[in-house]
Structure formats: structure tokens, C-alpha cells
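Survey of secondary and tertiary structure
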Amino acid sequence: MVMQGSLKPLGVLVSGYGSNLQAILDACAQGVVAGRVACVISSNARAFAGERAKNAGVPYYVLPNATPEERDAHITALLKKHDVQGVCLAGYMRLLTAGFVDTWWDRVFNIHPSLLPAFKGMNAQRQALSAGVKVTGCTVHFVRPAMDEGPIILQATTPVFADDTEDTLAQRLLPLEHRTYVQALKWYCDDRLRIQGERVFVIPAAEAKS
Ligand code: GRF
């Protein structure tokens with residue numbers, strides 16, 4: 001049995017539907033990830049992600065309207081209040097300030113619905129369709145100040161079919177995103193990730209414990 005105290009406290013930042021948040025909540029509850037969601041913070045008062053947090057009994061906060069600096073200071077205060085050790089961006093639609101990324105360096109994760117460095121930013125699925133790629137996917141990476149940049153932890157792929165629309169592609173990517181995010185967080189919570197420059201290495205489980 002995993003002791004509560006050995007579980008890494010995670011903070012999850014959301015803005016919308018929260019299916020990645022749900023995957024993280026479930027993986028923690030099932031002991032797949034040795035972490036616990038300590039708080040959920042939303043930039044959007046109407047986000048369905050809020051229902052998910054409340055259903056899971058996790059403290060949930062909606063950010064006030066403020067400047068980016070004030071907003072990120074507020075987030076940092078909440079994360080510290082909950083002793084958070086890892087920050088998961090899960091459909092969080094605001095760009096974080098460089099100061100925030102600096103404070104949480106190598107402890108902030110993002111999921112993006114493309115094979116980075118291709119198709120950064122909004123509407124990654126639309127970008128993939130427009131570019132005519134035959135394979136796309138999702139990426140979990142450590143966050144750096146520039147949008148959708150940072151050392152890549154894990155990627156997963158899916159074919160792009162001739163009759164795909166932005167919506168069918170997004171729907172096929174989501175379950176892939178959930179599995180990929182959970183796997184990356186499992187490694188993080190097991191202390192198995194090492195960053196060297198732009199590269200991330202997953203060390204053997206036996207080495208992480210020693
Ligand atoms: C996902 O496609 C994620 O990759 C992107 O925003 C979407 C959020 O979905 N950053 P959800 O809110 O987790 O369901």
C-alpha cells in the first residue's frame with residue numbers, strides 16, 4: 001500500500017473540459033501514479049473541469065481577473081499553500097510568465113495535441129490537417145517560457161485519415177493524451193526523469209530508488 005505522505009502533491013491548471021485532469025485524478029486515485037492532486041486552479045469560472053475537481057473532493061480555485069504577473073503570483077501562492085511539487089497544465093489557456101516558469105523550473109508539465117515542435121499554439125489539429133501530415137500525435141513536455149517549448153518527455157502518434165476533420169482528429173487524440181500524460185507523471189512521481197539540455201531520460205526504476 002502506498003502511504004499518503006509519499007505521494008507527490010500535484011497542482012493542475014485548467015481552463016475547459018478537463019478530460020486530462022480527469023485522467024490524472026483517476027490515475028492518482030487508482031495508484032497508477034504515485035501522486036495526489038492537491039489543488040485544481042482554473043482560469044475560467046465556467047470550466048467543466050471545476051465539476052471534476054469538486055466530484056473528486058479536491059480544492060478548486062478560479063483565478064480573478066488580473067494582470068499576468070498578478071495572476072501567476074496568485075497561482076504560486078495557491079500551489080505553495082498546498083505544498084505542490086509538480087504543476088500540470090491540462091488545457092490551461094493562458095501563457096505563463098517567465099517569472100512563474102522560473103519559480104517552478106523543471107516542475108511544470110504541459111500536454112499538447114501535436115508532435116512538437118510541429119504545430120505549436122492554438123488549433124494544433126487544424127494545423128496538422130492543413131499541413132497534410134499523415135501522422136500526428138501528442139507531446140508531454142517540461143514547460144519553458146516560450147509557448148509549447150521545452151524538453152520532451154513522451155510522445156504518442158496516430159495516423160491522420162483522409163476523412164478526418166478537426167473534430168474527429170481531436171477526439172482520437174484525447175485518449176492518447178490521457179495515457180501519455182499519465183505515463184509521464186508516473187515517471188515524474190517515481191523520480192525517474194532526468195533532464196540533460198533539451199533531452200529527457202527515463203532512468204530505470206531500481207536506480208531511482210537508490
Ligand atoms: C487538450 O487537447 C490538450 O492537449 C490541449 O487542450 C485540450 C484540453 O482538453 N492543451 P481537456 O480540457 O483536458 O479535455
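Report on the accompanying structure. Along each chain, residues carry numbers from 1 onward, in the same order as the chain's sequence is written. Since the coordinates come from a predicted model, pLDDT governs what is reported: local features require at least 70, and pairs of side-chain atoms require 80 or more to be given and counted, while whole-chain, interface and lining totals use all residues. The side-chain figures draw on all heavy atoms in the structure; neither hydrogens nor water molecules are used.

Describing the overall build of the chain
Condition: Runs of H or I in DSSP of at least four residues are treated as helices and runs of E of at least two as strands, each being numbered from the N terminus. Values of the radius of gyration come from C-alpha atoms, whereas the globule rule sets the reference at 2.2 Å times the count of residues to the power 0.38. Burial classification: accessible surface area is computed with a 1.4 Å probe over protein chains only, and a residue below 20% of its type maximum counts as buried, one above 50% as exposed, and the rest as partly exposed. Whether two residues are in contact is decided by their heavy atoms: any pair within 4.5 Å suffices. Each accessible area is a Shrake-Rupley estimate made with a 1.4 Å probe; only the visible protein chains count as cover when residues are assessed. Think of it this way: Lys and Arg go in the positive column, Asp and Glu in the negative one, and His and the chain ends go nowhere. Where a charge lies is defined by one atom per residue type, namely NZ (Lys), CZ (Arg), CG (Asp) and CD (Glu).
Along its length, the chain carries seven helices and nine strands. Relative to its length of 210 residues, the chain is compact, with a C-alpha radius of gyration of 17 Å against a globular reference of 17 Å. Considering only C-alpha atoms, the chain reaches an extent of 50 × 45 × 35 Å along its principal axes. Looking at the 210 residues of the chain, the share that counts as buried comes to 50%. Long-range contacts, defined here as pairs at least 24 residues apart, represent 62% of the contacts in the chain between residues at least 6 apart. Element-wise, carbon and sulfur atoms account for 54% of the exposed surface of the chain, whose accessible area totals about 10400 Å². The centroid of the 21 positive side-chain charges in the chain is displaced by 3 Å from the centroid of its 19 negative side-chain charges.

Things to note about the site of the ligand
Stated precisely, the cut-off is as follows: Residue proximity to a molecule or strand is established when one non-hydrogen atom of the residue lies within 4 Å of it. Between N or O atoms, a polar contact is any pair within 3.5 Å; within protein, one atom must be a potential hydrogen donor and the other a potential acceptor, and residues adjacent in sequence are included only when both atoms are from side chains. In the cavity and pocket records, a cavity denotes points on a 1 Å grid over the protein atoms alone where a 1.4 Å probe fits but cannot get out, a pocket denotes an open set with protein on both sides within 12 Å along at least 5 of 7 lines, and lining residues are residues with an atom within 4 Å of a point. Each molecule is checked against the cavity or pocket grid, and it sits inside if more than half of its atoms lie within 2 Å of the grid points.
Every residue close to the ligand is listed here: Tyr17, Gly18, Ser19, Asn20, Gly91, Ile111, His112, Pro113 and Glu177. At 2.8 Å, a backbone N or O of Gly18 approaches an oxygen atom of the ligand. Between an oxygen atom of the ligand and a side-chain N or O atom of Ser19, the distance comes to 2.6 Å. Notes on the ligand: free accessible area 370 Å², of which the protein chains cover 82%. For the ligand, the cavity whose grid points lie within 2 Å of the majority of its atoms is the largest pocket.

Things to note about the packing of helix H5 (residues 124-131) against helix H6 (residues 166-189)
Note the cut-off: Lines fitted to the C-alpha atoms define the axes, with helices restricted to the stretch that makes contact. Angles between their N-to-C directions range from 0 to 180 degrees. Under this scheme an angle from 65 to 115 degrees is roughly perpendicular, one under 35 degrees roughly parallel, and one over 145 degrees roughly antiparallel; angles in between are oblique. Note on convention: near helix rotated counterclockwise from far helix by under a right angle means a left-handed crossing. Clockwise means right-handed.
Across the interface, H5 lies against H6 with an axial gap of 9 Å and an inter-helix angle of 120°. The orientation of H5 with respect to H6, classified from their angle, is oblique. Seen from above, H5 lies across H6 with right-handed handedness. Residues Gln125, Arg126 and Leu129 of H5 form the contact with H6, whose participating residues are Glu166, Leu169, Ala170 and Leu173.

Side note on the pairing of strand S6 (residues 135-142)
Condition: Strands qualify as paired when DSSP identifies two bridges or more between them.
Counting buried positions along S6 gives seven out of eight residues, so the element sits mostly inside the fold. Taken together, the four bridges between strand S5 (residues 108-112) and S6 define a ladder with antiparallel strand orientation. For Phe109, the partnering residue across the bridge sits in S6 and is Phe142. Where S6 meets strand S7 (residues 152-159), seven bridges bridge the pair, whose relative direction is antiparallel. Along S7, the bridge assignment pairs Cys138 with Ala156.

Let's talk about helix H3 (residues 68-81)
Let me state the cut-off plainly: Each residue after the first adds 1.5 Å to the expected span of a helix. This arc is built from the directions going out from the helix axis to the C-beta atoms.
Under the 1.5 Å per step criterion, the end-to-end length of H3 is 20 Å for 14 residues, consistent within 8% with the ideal 20 Å. Taken together, the buried positions of H3 are occupied by Arg71, Asp72, Ile75, Thr76, Leu78 and Leu79. Buried residues of H3 fall within an arc of 165° about the axis and therefore sit on the same side. Residues of H3 that are exposed and angled more than 90 degrees away from the buried face: Glu69, Lys80 and Lys81. Downstream of H3 by a residue or two, Asp83 has a phi angle that is positive, lying close to 55°.

Concerning the environment of Gln85
Within the secondary structure, Gln85 sits in the loop between H3 and strand S4 (86-89). We classify Gln85 as partly exposed; its relative accessible area is 36%. Each C-alpha atom, one on Gln85 and one on Val58, is 16 Å from the other, the two residues being 27 residues apart in sequence. Those residues in contact with Gln85 that sit more than four places away from it in its chain are Lys8, Pro9, Arg107 and Tyr188.

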